[in-house]
Amino acid sequence: MTNEDDRARLRSYLVAQTEKYDLVDLWPRVVGQRLAFLQALDGVTEEQARWRPPTGEGEDAWSILEVTQHLAGWTDNVLGIVRGMSGGPPGEKLPVGHLDADDGKTLAQARRELTEASMRLAEAMSTDEATVDLGQTVEHALFGPLNVRGWLLFQRIHDTDHVSQVERLKQTDGFPASPAR
């Protein structure tokens, strides 16, 4: 399967799910996957969080700390898009793979920022859908035009990818061992 096939399959999934489910139905799917990411951070030490794989480019070269910071920033990005489609001021749309990492942050700080962004995301999903124009879309760089539901559901796919990334990092040769208890 090619990347184009994968994108078409994921776009089809996003569109079908957003036609089938309202925000209340989507909420557990989106928030559940975010919780899975936060749980993947359990037990990760600061040394492990900062460790980068010896090979890879772009997102494949990120540390767990960078992935966590990316998700926090991306969540706020999606919130800006959703608020803009819901009558609020539009937020800035970041490019795919955007990372604005702060090397001075600890994993605990990044995790807290991600949790706070996650709470804002969950709150945004409580929007009265009667006030949302589901015909209004914003272009996603990989999946084309998505409505409010599509952007929020995309967050689930995005989180799933990054949960897998963290788990792969933990299994990579050279990943620092956990301290003995």
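Residues numbered from 1 in each chain as written. Predicted model: local features only at pLDDT ≥ 70, side-chain atom pairs only at ≥ 80, totals over all residues. Heavy atoms only, no water.

Colleague: Can you walk me through the nonpolar core in this structure?
Modeller: Across soluble globular proteins, nonpolar side chains show a tendency to be buried alongside one another. Residues Leu14, Trp151 and Leu152 are the most contacted members of the largest nonpolar core, which totals 24 residues. Contributing elements (two or more residues each) for this core: helix 2 (23-40), helix 4 (64-85), helix 5 (107-124) and helix 6 (148-171). Excluding anything up to four places from it in sequence, Leu152 contacts Leu23, Val30, Val78, Val82, Leu121 and Met125. Listed in part, the 20 residues of the second largest apolar core include Val44, Trp62, Ala72 and Ala110. (Core = buried A, V, L, I, M, F, W, Y, C linked by side-chain atoms within 4.5 Å. Buried < 20%, exposed > 50% of the residue type's maximum accessible area, 1.4 Å probe, protein only. Helix = DSSP H or I, 4+ residues; strand = E, 2+ residues; numbered from the N terminus. Contact = heavy atoms within 4.5 Å.)

Colleague: Would you mind going over the packing of aromatic side chains with me for this structure?
Modeller: By convention here, two paired aromatic rings are described through the distance between centres and the angle between planes. In the structure shown here, the tally under the stated rule is four aromatic pairs. Centroid distance Trp51 to Phe175: 5.5 Å. Interplanar angle 85°. Geometry classified as edge-to-face. On the criterion of sequence distance, the pair formed by Trp51 in the loop between helix 3 (46-50) and helix 4 and Phe175 in the segment after helix 6 is long-range, its members being 124 residues apart. Ring plane angle 75° and centroid distance 6.2 Å describe the contact between Trp151 and Phe154, whose orientation is recorded as edge-to-face. You can see Trp151 and its partner Phe154 sitting in helix 6, three residues apart, about one turn around the helix. Directly above the aromatic system of Tyr21 lies the positively charged group of Arg29, at a separation of 4.0 Å from the ring centroid. (Phe/Tyr/Trp six-rings, centres within 6.5 Å; stacked < 30°, edge-to-face > 60°. Lys NZ or Arg CZ within 6 Å of the ring centre and 35° of its normal.)

Colleague: Looking at this structure, how should I read helix 1 (residues 3-20)?
Modeller: Structurally, the α-helix is built with 3.6 residues per turn, so residues lying three or four positions apart point the same way. For helix 1, built from 18 residues, the straight-helix expectation of 26 Å at 1.5 Å per residue is met to within 8% by its first-to-last C-alpha distance of 25 Å. Here helix 1 has its buried residues at Leu14, Gln17 and Thr18. On an axial view of helix 1, the arc spanned by its buried residues comes to 95°, and they lie on one face. Exposed residues lying more than 90 degrees from the buried face of helix 1 are Glu4, Glu19 and Lys20. Tucked inside the fold, the buried residues of helix 1 contact helix 2, strand 2 (144-146) and helix 6. (Expected span 1.5 Å × (residues − 1). Arc of directions from axis to C-beta.)

Colleague: How do you make sense of the layout of surface pockets when you look at a structure like this?
Modeller: The probe, sized like a water molecule, is rolled over the atoms to show the empty space still left. The volume enclosed by the largest pocket comes to roughly 490 Å³. Lining the largest pocket are 20 residues; nearest its centre among them are Glu59, Val96, Leu142, Phe143 and Asp161. Of all the secondary-structure elements, those providing two or more residues to the lining of the largest pocket are helix 1, helix 4 and helix 6. With seven residues, helix 6 is the largest single contributor of residues to the lining of the largest pocket. Of the residues assigned to the lining of the largest pocket, the class counts are seven nonpolar, seven polar and six charged. (1 Å grid on protein atoms, 1.4 Å probe; cavity = no way out; pocket = protein on both sides within 12 Å on 5 of 7 lines; lining within 4 Å. Points joined across faces, edges and corners; volume = space filled by probe spheres on them. Nonpolar A, V, L, I, M, F, W, Y, C, P; charged D, E, K, R; others polar.)

Colleague: Help me understand the packing of helix 4 against helix 6, please; the structure alone is not making it clear to me.
Modeller: Two quantities define a packed helix pair, namely the angle between the axes and the distance from one axis to the other. Axis separation between helix 4 and helix 6 bottoms out at 10 Å; the angle between their running directions is 180°. By the angle between their directions, the pair helix 4 and helix 6 is classed as roughly antiparallel. The residues of helix 6 that touch helix 4, namely those facing Ile64, Val67, His70, Leu71, Trp74, Thr75, Val78, Ile81, Val82 and Met85, are Val148, Trp151, Leu152, Phe154, Gln155, His158, Asp159, His162, Gln165, Val166, Leu169 and Lys170. Per-class residue counts for the contact of helix 4 with helix 6 are 14 nonpolar, six polar and two charged. (Axes fitted to C-alpha atoms, helices over the stretch in contact; angles between N-to-C directions. Parallel < 35°, antiparallel > 145°, perpendicular 65-115°, else oblique.)

Colleague: Got a minute to help me understand the pattern of salt bridges in this structure?
Modeller: Side chains that carry opposite charge are capable of pairing whenever their charged atoms lie near each other. Following the criterion strictly, the structure yields 10 salt bridges and no others. Salt-bridge contacts for Arg7 lead to Glu4; the nearest nitrogen and oxygen are separated by 3.0 Å. Taken together, the residues span about one helical turn, with Arg7 and Glu4 both in helix 1 at a distance of three residues. Note on Arg7: relative accessible area 29%, which makes it partly exposed. (Salt bridge = Lys/Arg side-chain N within 4 Å of Asp/Glu carboxyl O.)

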